[in-house]
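# Breakdown of the fold
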Amino acid sequence: MTLLTYTPPFIVRQPPFLRTSAVEFLRTPPFPALLSLEPSSPLRLQFLYRAPNVPRHASFPVCRGLPIVAGADLTQDAVAVAAVLAGAYGLVSTFDSLTGRNLIQQSLSRKLVHILSGLMFMVSWPIFRYPFSSCSKILISLNFSFNSTSTSARYFASLVPMVNCLRLLVHGFSLVEDDGLIKSVTRHGNPEELLRGPLYYVIVLILCALVFWRESPVAVIALSMMCGGDGVADIMGRRFGSAKIPYNPDKSLVGSISMFVFGFLVSVGMLYYFSALGYFNLDWPSTLQRVALVSMVATVVESLPISNVVDDNLSVPLTTMVAAYLSFNI
Ligand SMILES: C/C(=C\COP(=O)(O)O)CCC[C@H](C)CCC[C@H](C)CCCC(C)C
Ligand SMILES: Nc1ccn([C@@H]2O[C@H](COP(=O)(O)OP(=O)(O)O)[C@@H](O)[C@H]2O)c(=O)n1
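Residues numbered from 1 in each chain as written. Chains lettered and ligands numbered in written order. Predicted model: local features only at pLDDT ≥ 70, side-chain atom pairs only at ≥ 80, totals over all residues. Heavy atoms only, no water.

An unreviewed UniProt entry annotates the protein chain as phytol kinase of Cannabis sativa.

This part covers the overall build of the protein chain. Helix and strand counts for the protein chain stand at 11 helices and two strands. Buried positions account for 52% of the 330 residues belonging to the protein chain. Surface accessibility of the protein chain: about 14,900 Å² in total, with carbon and sulfur atoms responsible for 68%. (Helix = DSSP H or I, 4+ residues; strand = E, 2+ residues; numbered from the N terminus. Buried < 20%, exposed > 50% of the residue type's maximum accessible area, 1.4 Å probe, protein only. Areas by Shrake-Rupley, 256 points an atom, 1.4 Å probe, with all protein chains shown as cover.)

Around ligand 2, a shell composed of 15 residues is seen, among which Lys-111, Arg-187, Ser-252, Glu-302 and Asp-312 lie nearest. Within the contact set of ligand 2, an oxygen atom lies 2.8 Å away from a side-chain nitrogen or oxygen of Arg-187. The contact in question runs from a nitrogen atom of ligand 2 to an N or O atom on the side chain of Ser-256, over 3.3 Å. Here ligand 2 has 510 Å² of accessible area as a free molecule, and 84% of this is covered by the chains. Ranked by residues supplied to the shell around ligand 2, first place goes to helix α8 (residues 217-240) with five residues. (Near = heavy atom within 4 Å. Polar contact = N/O pair within 3.5 Å; in protein donor to acceptor, adjacent residues only side chain to side chain.)

A separate point is the domain arrangement of the protein chain. Many descriptions give the size of an interface as the accessible area lost when the pieces come together. In terms of domains, the protein chain is made up of domain 1 (73-131 + 150-212) and domain 2 (215-329). For domain 1 and domain 2, the distance between their C-alpha centres works out to 20 Å. Each partner contributes to the interface: domain 1 provides 25 residues, whereas domain 2 provides 31 residues. Taken together, the two surfaces of domain 1 and domain 2 that pack against each other cover about 2,300 Å², and 75% of this comes from carbon and sulfur. Counting the contacts that link domain 1 with domain 2 gives three salt bridges. In this structure, Arg-110 engages Asp-234 in a salt bridge whose closest nitrogen and oxygen atoms are separated by 3.9 Å. Taken together, the elements giving at least two residues each to the side of domain 1 that touches domain 2 come down to α3 (106-124) and α7 (197-212). (Domains from an automatic or database assignment. Contact = heavy atoms within 4.5 Å. Buried area = accessible area lost by both parts, 1.4 Å probe. Salt bridge = Lys/Arg side-chain N within 4 Å of Asp/Glu carboxyl O.)

On to the site of ligand 1, then. Taken together, 18 residues are adjacent to ligand 1, and Arg-110, Lys-111, His-114, Ser-117 and Asn-313 come closest. Within the side chain of Lys-111, a nitrogen or oxygen atom sits 3.0 Å from an oxygen atom of ligand 1. Protein chains shield 96% of the accessible area of ligand 1, which is 690 Å² for the free molecule. Those elements that place two or more of their residues in the shell around ligand 1 are α2 (74-100), α3, α5 (153-172) and α7. A class-by-class count of the residues in the shell around ligand 1 yields 10 nonpolar, six polar and two charged. (Nonpolar A, V, L, I, M, F, W, Y, C, P; charged D, E, K, R; others polar.)

Turning our attention to the packing of aromatic side chains. Here the structure, examined in full by the defined rule, presents nine aromatic pairs. Look at Phe-274 and Tyr-279: their rings are 6.0 Å apart centre to centre, the planes differ by 65°, and that puts the pair in the edge-to-face class. You'll find Phe-274 and Tyr-279 in the same group, each marked buried. Among the aromatic side chains, those forming a connected cluster through ring pairs are Phe-121, Trp-125, Trp-213, Tyr-273, Phe-274, Tyr-279 and Phe-280. Between Arg-290 and the ring centre of Phe-328, over which it is positioned, the NZ or CZ distance is 5.8 Å. (Phe/Tyr/Trp six-rings, centres within 6.5 Å; stacked < 30°, edge-to-face > 60°. Lys NZ or Arg CZ within 6 Å of the ring centre and 35° of its normal.)

Running from N to C, helix α9 (residues 253-276) and helix α10 (residues 284-303) cross one another at 140°; their axes reach a closest spacing of 9 Å. Overall, the two elements α9 and α10 adopt an arrangement that is oblique. Note that α9 runs across α10; the crossing there is right-handed. Contacts from Ser-256, Met-259, Phe-260, Gly-263, Phe-264, Ser-267, Val-268, Leu-271, Tyr-272 and Ser-275 in α9 reach Trp-284, Thr-287, Leu-288, Val-291, Ala-292, Ser-295, Met-296, Ala-298, Thr-299, Glu-302 and Ser-303 in α10. Looking at the contact of α9 with α10 residue by residue, the class counts come to 12 nonpolar, eight polar and one charged. (Axes fitted to C-alpha atoms, helices over the stretch in contact; angles between N-to-C directions. Parallel < 35°, antiparallel > 145°, perpendicular 65-115°, else oblique. Left-handed = near helix turned anticlockwise from the far one by under 90°.)

A few words now on the nonpolar core. Ranked by internal contacts, the top residues of the largest apolar core, which has 67 residues, are Trp-125, Phe-128 and Phe-274. With 12 residues, α8 is the largest single contributor of residues to this core. If you count residues domain by domain, this core takes at least three from each of domain 1 (73-131 + 150-212) and domain 2 (215-329). Aside from chain neighbours lying at most four places away, what touches Trp-125 is Ala-157, Cys-208, Ala-209, Trp-213, Arg-214, Ala-219, Leu-223 and Phe-274. (Core = buried A, V, L, I, M, F, W, Y, C linked by side-chain atoms within 4.5 Å.)

Given a rise of 1.5 Å per residue, 20 residues ought to cover 28 Å, and the 29 Å separating the end C-alpha atoms of α5 matches this to within 8%. Taken as a whole, α5 carries its principal kink of about 30° at Leu-159; the proline Pro-161 stands between one and four residues after it. Where α5 ends, the next residue or the one after it, Ser-174, has phi of about 55°, a positive value. (Expected span 1.5 Å × (residues − 1). Bend = angle between axes of the 7 residues up to and from the residue.)

Structure below.
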(Lines give C-alpha, C1' and ligand atoms only; values in the text may rest on other atoms or scores of the structure.)
(Ligands and ions follow the chains in the order given, each with its own letter.)
Protein backbone atom coordinates (compact mmCIF):
# COMPACT_ATOMS: atom_id res chain seq x y z
CA MET A 1 0.00 0.00 0.00
CA THR A 2 1.61 3.24 -1.09
CA LEU A 3 0.68 5.93 1.34
CA LEU A 4 3.35 8.43 0.51
CA THR A 5 5.65 9.24 -2.34
CA TYR A 6 8.84 11.07 -1.86
CA THR A 7 12.08 11.57 -3.68
CA PRO A 8 14.66 10.10 -1.37
CA PRO A 9 17.70 12.24 -0.72
CA PHE A 10 21.05 11.65 -2.22
CA ILE A 11 22.73 8.98 -0.23
CA VAL A 12 26.39 9.13 0.48
CA ARG A 13 29.00 6.43 0.07
CA GLN A 14 31.56 6.56 2.75
CA PRO A 15 34.70 4.51 3.18
CA PRO A 16 34.34 3.09 6.68
CA PHE A 17 37.70 4.52 7.72
CA LEU A 18 36.68 8.12 6.88
CA ARG A 19 34.71 9.38 9.83
CA THR A 20 34.51 12.95 10.99
CA SER A 21 34.41 12.51 14.70
CA ALA A 22 34.23 10.19 17.62
CA VAL A 23 30.50 10.80 17.72
CA GLU A 24 30.15 9.74 14.12
CA PHE A 25 32.37 6.75 14.78
CA LEU A 26 30.24 5.71 17.73
CA ARG A 27 27.11 6.14 15.74
CA THR A 28 28.50 4.45 12.68
CA PRO A 29 27.13 0.97 12.39
CA PRO A 30 29.67 -1.72 13.31
CA PHE A 31 30.19 -2.56 9.66
CA PRO A 32 31.03 -0.51 6.55
CA ALA A 33 28.42 1.93 5.29
CA LEU A 34 27.07 0.41 2.11
CA LEU A 35 25.38 3.45 0.72
CA SER A 36 26.27 5.07 -2.56
CA LEU A 37 26.21 8.73 -3.61
CA GLU A 38 24.08 8.97 -6.66
CA PRO A 39 20.90 10.73 -7.60
CA SER A 40 18.32 8.20 -6.67
CA SER A 41 15.28 7.91 -8.84
CA PRO A 42 11.98 8.87 -7.26
CA LEU A 43 10.77 5.92 -5.28
CA ARG A 44 7.22 5.19 -4.42
CA LEU A 45 7.75 5.04 -0.71
CA GLN A 46 5.80 2.53 1.27
CA PHE A 47 4.69 3.52 4.77
CA LEU A 48 7.82 2.00 6.20
CA TYR A 49 10.96 3.82 5.13
CA ARG A 50 12.89 1.28 3.17
CA ALA A 51 16.60 2.09 3.05
CA PRO A 52 17.71 2.12 -0.60
CA ASN A 53 19.14 -1.24 -1.53
CA VAL A 54 22.76 -0.89 -2.44
CA PRO A 55 24.91 -3.72 -3.81
CA ARG A 56 27.32 -5.08 -1.21
CA HIS A 57 30.95 -4.02 -1.36
CA ALA A 58 30.21 -1.12 -3.67
CA SER A 59 33.11 1.22 -4.34
CA PHE A 60 33.24 4.31 -2.15
CA PRO A 61 33.60 7.62 -3.95
CA VAL A 62 33.53 10.30 -1.31
CA CYS A 63 30.94 13.01 -1.46
CA ARG A 64 32.24 16.25 -2.96
CA GLY A 65 30.07 19.07 -1.77
CA LEU A 66 26.90 17.99 -3.47
CA PRO A 67 23.94 19.51 -1.64
CA ILE A 68 21.88 17.02 0.21
CA VAL A 69 18.19 17.46 -0.38
CA ALA A 70 16.24 15.78 2.31
CA GLY A 71 13.10 14.58 0.59
CA ALA A 72 11.34 13.57 3.73
CA ASP A 73 8.75 15.80 5.26
CA LEU A 74 9.35 16.58 8.93
CA THR A 75 5.64 16.37 9.50
CA GLN A 76 5.77 12.62 8.90
CA ASP A 77 8.11 12.24 11.85
CA ALA A 78 5.99 14.51 14.01
CA VAL A 79 2.96 12.38 13.18
CA ALA A 80 5.00 9.24 13.86
CA VAL A 81 5.95 10.53 17.32
CA ALA A 82 2.32 11.26 18.11
CA ALA A 83 1.18 7.87 16.82
CA VAL A 84 3.78 5.89 18.76
CA LEU A 85 3.13 7.90 21.91
CA ALA A 86 -0.57 7.12 21.51
CA GLY A 87 0.37 3.47 21.05
CA ALA A 88 2.38 3.52 24.27
CA TYR A 89 -0.46 5.09 26.21
CA GLY A 90 -2.94 2.69 24.63
CA LEU A 91 -0.84 -0.35 25.50
CA VAL A 92 -0.59 0.59 29.17
CA SER A 93 -4.28 1.52 29.31
CA THR A 94 -5.26 -1.80 27.74
CA PHE A 95 -3.38 -3.81 30.32
CA ASP A 96 -4.68 -1.56 33.07
CA SER A 97 -8.19 -2.39 31.92
CA LEU A 98 -7.45 -6.13 31.72
CA THR A 99 -5.88 -6.07 35.18
CA GLY A 100 -8.69 -3.92 36.58
CA ARG A 101 -11.25 -6.43 35.36
CA ASN A 102 -9.17 -9.27 36.82
CA LEU A 103 -8.79 -10.79 33.40
CA ILE A 104 -5.04 -11.11 33.92
CA GLN A 105 -2.80 -11.02 36.98
CA GLN A 106 -0.83 -7.87 37.70
CA SER A 107 2.49 -9.74 37.41
CA LEU A 108 1.55 -11.07 33.97
CA SER A 109 0.32 -7.64 32.91
CA ARG A 110 3.64 -6.08 33.84
CA LYS A 111 5.59 -8.69 31.96
CA LEU A 112 3.47 -8.39 28.84
CA VAL A 113 3.94 -4.61 28.91
CA HIS A 114 7.65 -5.30 29.42
CA ILE A 115 7.75 -7.61 26.39
CA LEU A 116 5.53 -5.60 24.05
CA SER A 117 6.60 -2.00 24.74
CA GLY A 118 10.19 -2.27 23.64
CA LEU A 119 9.53 -4.61 20.74
CA MET A 120 6.69 -2.50 19.37
CA PHE A 121 8.80 0.62 19.80
CA MET A 122 11.56 -1.05 17.78
CA VAL A 123 9.10 -2.20 15.12
CA SER A 124 7.96 1.42 14.77
CA TRP A 125 11.44 2.72 13.93
CA PRO A 126 11.06 2.47 10.14
CA ILE A 127 8.16 4.92 10.16
CA PHE A 128 10.55 7.62 11.32
CA ARG A 129 12.09 8.87 8.15
CA TYR A 130 13.73 12.25 8.27
CA PRO A 131 16.93 11.11 6.64
CA PHE A 132 19.39 13.89 7.25
CA SER A 133 20.10 16.27 10.04
CA SER A 134 20.68 19.91 9.08
CA CYS A 135 24.29 19.65 10.24
CA SER A 136 24.79 16.82 7.77
CA LYS A 137 23.59 19.04 4.93
CA ILE A 138 25.89 21.83 6.08
CA LEU A 139 28.80 19.43 6.35
CA ILE A 140 28.15 18.12 2.87
CA SER A 141 27.85 21.61 1.41
CA LEU A 142 31.22 22.39 2.99
CA ASN A 143 32.76 19.54 1.06
CA PHE A 144 32.93 17.43 4.17
CA SER A 145 32.95 13.69 3.95
CA PHE A 146 30.89 12.02 6.62
CA ASN A 147 28.89 8.96 7.24
CA SER A 148 25.41 9.73 6.05
CA THR A 149 23.82 6.86 7.85
CA SER A 150 23.58 9.15 10.90
CA THR A 151 19.92 9.99 10.60
CA SER A 152 18.06 12.56 12.66
CA ALA A 153 15.03 10.31 12.61
CA ARG A 154 16.49 8.73 15.72
CA TYR A 155 15.97 11.95 17.64
CA PHE A 156 12.31 12.00 16.80
CA ALA A 157 11.92 8.34 17.72
CA SER A 158 13.74 8.83 21.03
CA LEU A 159 11.16 11.45 22.01
CA VAL A 160 8.73 8.61 22.71
CA PRO A 161 10.73 6.91 25.49
CA MET A 162 11.80 10.36 26.73
CA VAL A 163 8.18 11.37 27.24
CA ASN A 164 7.54 8.05 28.98
CA CYS A 165 10.61 8.60 31.12
CA LEU A 166 9.14 11.91 32.24
CA ARG A 167 5.82 10.18 32.86
CA LEU A 168 7.48 7.57 35.07
CA LEU A 169 9.33 10.27 37.02
CA VAL A 170 6.21 12.37 37.57
CA HIS A 171 4.16 9.41 38.75
CA GLY A 172 7.04 7.69 40.50
CA PHE A 173 7.49 10.74 42.71
CA SER A 174 3.69 10.88 43.10
CA LEU A 175 3.56 14.40 41.70
CA VAL A 176 0.50 13.22 39.80
CA GLU A 177 -1.59 10.12 40.41
CA ASP A 178 -1.96 7.50 37.65
CA ASP A 179 -3.34 4.32 39.12
CA GLY A 180 -3.59 2.68 35.71
CA LEU A 181 0.10 3.08 35.03
CA ILE A 182 1.03 1.90 38.51
CA LYS A 183 -1.23 -1.16 38.34
CA SER A 184 0.00 -2.25 34.91
CA VAL A 185 3.74 -1.80 35.35
CA THR A 186 4.55 -2.31 39.04
CA ARG A 187 4.87 -5.50 41.10
CA HIS A 188 3.20 -4.30 44.27
CA GLY A 189 1.34 -1.15 43.27
CA ASN A 190 3.81 1.29 44.84
CA PRO A 191 4.51 4.43 42.76
CA GLU A 192 8.20 4.33 43.73
CA GLU A 193 8.55 1.08 41.81
CA LEU A 194 8.20 3.14 38.63
CA LEU A 195 11.60 4.67 39.41
CA ARG A 196 13.41 1.33 39.15
CA GLY A 197 12.73 -1.37 36.53
CA PRO A 198 10.40 0.67 34.31
CA LEU A 199 12.62 3.76 34.43
CA TYR A 200 15.77 1.79 33.60
CA TYR A 201 13.81 0.13 30.79
CA VAL A 202 12.88 3.39 29.05
CA ILE A 203 16.39 4.79 29.58
CA VAL A 204 17.70 1.77 27.66
CA LEU A 205 15.19 2.47 24.88
CA ILE A 206 16.48 6.05 24.65
CA LEU A 207 20.09 4.83 24.59
CA CYS A 208 19.41 2.26 21.87
CA ALA A 209 17.54 4.75 19.67
CA LEU A 210 20.11 7.53 20.00
CA VAL A 211 23.37 5.58 19.86
CA PHE A 212 22.78 2.52 17.71
CA TRP A 213 19.33 3.11 16.11
CA ARG A 214 18.14 0.99 13.19
CA GLU A 215 21.46 1.02 11.36
CA SER A 216 23.17 -1.51 13.58
CA PRO A 217 22.29 -4.97 14.85
CA VAL A 218 23.46 -3.94 18.34
CA ALA A 219 20.32 -2.13 19.52
CA VAL A 220 18.08 -4.67 17.81
CA ILE A 221 19.65 -7.55 19.70
CA ALA A 222 19.88 -5.64 23.00
CA LEU A 223 16.17 -4.78 23.00
CA SER A 224 15.24 -8.26 21.82
CA MET A 225 17.09 -9.77 24.76
CA MET A 226 15.69 -7.27 27.28
CA CYS A 227 12.11 -7.56 26.04
CA GLY A 228 11.79 -10.92 24.33
CA GLY A 229 14.31 -12.80 26.44
CA ASP A 230 14.11 -11.39 29.96
CA GLY A 231 10.38 -10.85 29.71
CA VAL A 232 9.60 -14.44 28.74
CA ALA A 233 12.11 -15.80 31.27
CA ASP A 234 10.01 -14.28 34.03
CA ILE A 235 6.73 -15.72 32.72
CA MET A 236 8.12 -19.21 32.06
CA GLY A 237 10.26 -19.25 35.16
CA ARG A 238 7.40 -18.33 37.49
CA ARG A 239 5.20 -21.04 36.01
CA PHE A 240 7.54 -23.92 35.34
CA GLY A 241 10.73 -23.01 37.17
CA SER A 242 10.84 -25.67 39.88
CA ALA A 243 14.45 -26.65 39.13
CA LYS A 244 16.46 -23.72 40.43
CA ILE A 245 19.87 -22.54 39.25
CA PRO A 246 22.51 -23.85 41.67
CA TYR A 247 24.19 -20.47 42.15
CA ASN A 248 20.95 -18.47 42.18
CA PRO A 249 17.91 -20.02 43.91
CA ASP A 250 15.78 -17.05 42.80
CA LYS A 251 16.10 -18.06 39.17
CA SER A 252 15.37 -21.34 37.42
CA LEU A 253 16.78 -23.40 34.60
CA VAL A 254 13.50 -23.16 32.71
CA GLY A 255 13.61 -19.39 33.04
CA SER A 256 17.16 -19.20 31.75
CA ILE A 257 16.53 -21.62 28.91
CA SER A 258 13.51 -19.50 27.96
CA MET A 259 15.65 -16.39 28.14
CA PHE A 260 18.12 -17.90 25.69
CA VAL A 261 15.61 -19.45 23.28
CA PHE A 262 13.18 -16.54 23.09
CA GLY A 263 15.93 -13.94 23.18
CA PHE A 264 17.65 -15.68 20.26
CA LEU A 265 14.46 -16.14 18.24
CA VAL A 266 13.22 -12.59 18.80
CA SER A 267 16.67 -11.22 17.94
CA VAL A 268 16.78 -13.17 14.68
CA GLY A 269 13.24 -12.14 13.83
CA MET A 270 13.92 -8.47 14.44
CA LEU A 271 17.22 -8.61 12.55
CA TYR A 272 15.37 -10.14 9.63
CA TYR A 273 12.77 -7.36 9.82
CA PHE A 274 15.35 -4.59 9.59
CA SER A 275 17.49 -6.34 7.00
CA ALA A 276 14.39 -7.02 4.88
CA LEU A 277 13.78 -3.26 4.92
CA GLY A 278 17.35 -2.73 3.73
CA TYR A 279 18.86 -1.18 6.85
CA PHE A 280 21.69 -3.64 6.95
CA ASN A 281 22.96 -6.60 5.01
CA LEU A 282 23.73 -9.64 7.13
CA ASP A 283 25.59 -12.83 6.35
CA TRP A 284 23.06 -15.09 7.98
CA PRO A 285 25.15 -18.18 8.76
CA SER A 286 27.66 -16.11 10.73
CA THR A 287 24.93 -13.83 12.09
CA LEU A 288 23.08 -16.77 13.64
CA GLN A 289 26.27 -17.90 15.34
CA ARG A 290 26.98 -14.41 16.65
CA VAL A 291 23.43 -13.95 17.92
CA ALA A 292 23.57 -17.34 19.67
CA LEU A 293 26.81 -16.34 21.36
CA VAL A 294 25.42 -12.96 22.44
CA SER A 295 22.21 -14.60 23.67
CA MET A 296 24.24 -17.03 25.77
CA VAL A 297 26.25 -14.20 27.31
CA ALA A 298 23.07 -12.26 28.13
CA THR A 299 21.44 -15.40 29.58
CA VAL A 300 24.37 -16.09 31.87
CA VAL A 301 24.41 -12.50 33.11
CA GLU A 302 20.65 -12.56 33.70
CA SER A 303 20.99 -15.74 35.74
CA LEU A 304 23.54 -14.23 38.12
CA PRO A 305 22.40 -13.30 41.67
CA ILE A 306 23.02 -9.59 41.09
CA SER A 307 19.46 -8.26 40.89
CA ASN A 308 19.95 -6.49 44.23
CA VAL A 309 23.02 -4.73 42.86
CA VAL A 310 21.95 -3.92 39.31
CA ASP A 311 18.51 -4.29 37.76
CA ASP A 312 18.06 -6.82 34.94
CA ASN A 313 16.77 -3.98 32.79
CA LEU A 314 20.27 -2.55 32.86
CA SER A 315 22.55 -5.60 33.16
CA VAL A 316 20.91 -7.56 30.32
CA PRO A 317 20.76 -4.86 27.63
CA LEU A 318 24.12 -3.30 28.49
CA THR A 319 25.84 -6.68 28.47
CA THR A 320 24.13 -7.50 25.21
CA MET A 321 25.24 -4.21 23.65
CA VAL A 322 28.88 -4.85 24.51
CA ALA A 323 28.74 -8.48 23.39
CA ALA A 324 26.90 -7.65 20.17
CA TYR A 325 29.20 -4.73 19.34
CA LEU A 326 32.30 -6.89 19.82
CA SER A 327 30.75 -9.87 18.05
CA PHE A 328 29.65 -7.93 14.97
CA ASN A 329 32.79 -5.83 14.87
CA ILE A 330 35.35 -8.60 15.00
C1 LIG B 1 6.84 -2.82 32.77
C2 LIG B 1 8.07 -2.31 32.17
C3 LIG B 1 9.26 -2.44 32.77
C4 LIG B 1 9.41 -3.16 34.06
O5 LIG B 1 10.25 -4.24 33.87
P6 LIG B 1 10.49 -5.27 35.07
O7 LIG B 1 10.68 -4.48 36.32
O8 LIG B 1 9.27 -6.12 35.11
O9 LIG B 1 11.70 -6.01 34.67
C10 LIG B 1 7.97 -1.55 30.88
C11 LIG B 1 7.52 -0.09 31.13
C12 LIG B 1 7.04 0.49 29.82
C13 LIG B 1 6.73 2.00 29.90
C14 LIG B 1 5.78 2.34 30.99
C15 LIG B 1 6.15 2.46 28.57
C16 LIG B 1 7.24 2.44 27.48
C17 LIG B 1 6.63 2.77 26.12
C18 LIG B 1 7.66 2.78 25.01
C19 LIG B 1 8.69 3.84 25.22
C20 LIG B 1 6.99 3.03 23.66
C21 LIG B 1 6.08 1.87 23.25
C22 LIG B 1 5.40 2.21 21.94
C23 LIG B 1 4.64 1.04 21.34
C24 LIG B 1 4.00 1.44 20.04
C25 LIG B 1 3.65 0.45 22.32
N1 LIG C 1 16.07 -16.89 34.61
C2 LIG C 1 14.92 -16.68 35.32
C3 LIG C 1 14.35 -15.40 35.39
C4 LIG C 1 13.18 -15.22 36.13
N5 LIG C 1 12.60 -16.28 36.75
C6 LIG C 1 11.36 -16.14 37.52
O7 LIG C 1 10.80 -14.83 37.33
C8 LIG C 1 10.78 -14.10 38.56
C9 LIG C 1 11.12 -12.66 38.30
O10 LIG C 1 12.38 -12.62 37.69
P11 LIG C 1 13.23 -11.28 37.78
O12 LIG C 1 13.67 -11.08 39.17
O13 LIG C 1 14.27 -11.34 36.72
O14 LIG C 1 12.11 -10.21 37.45
P15 LIG C 1 12.35 -8.87 36.71
O16 LIG C 1 13.45 -8.16 37.42
O17 LIG C 1 12.75 -9.27 35.28
O18 LIG C 1 11.03 -8.20 36.79
C19 LIG C 1 11.81 -14.79 39.43
O20 LIG C 1 11.54 -14.57 40.80
C21 LIG C 1 11.63 -16.25 39.02
O22 LIG C 1 10.49 -16.79 39.65
C23 LIG C 1 13.17 -17.56 36.66
O24 LIG C 1 12.64 -18.50 37.23
N25 LIG C 1 14.32 -17.73 35.95
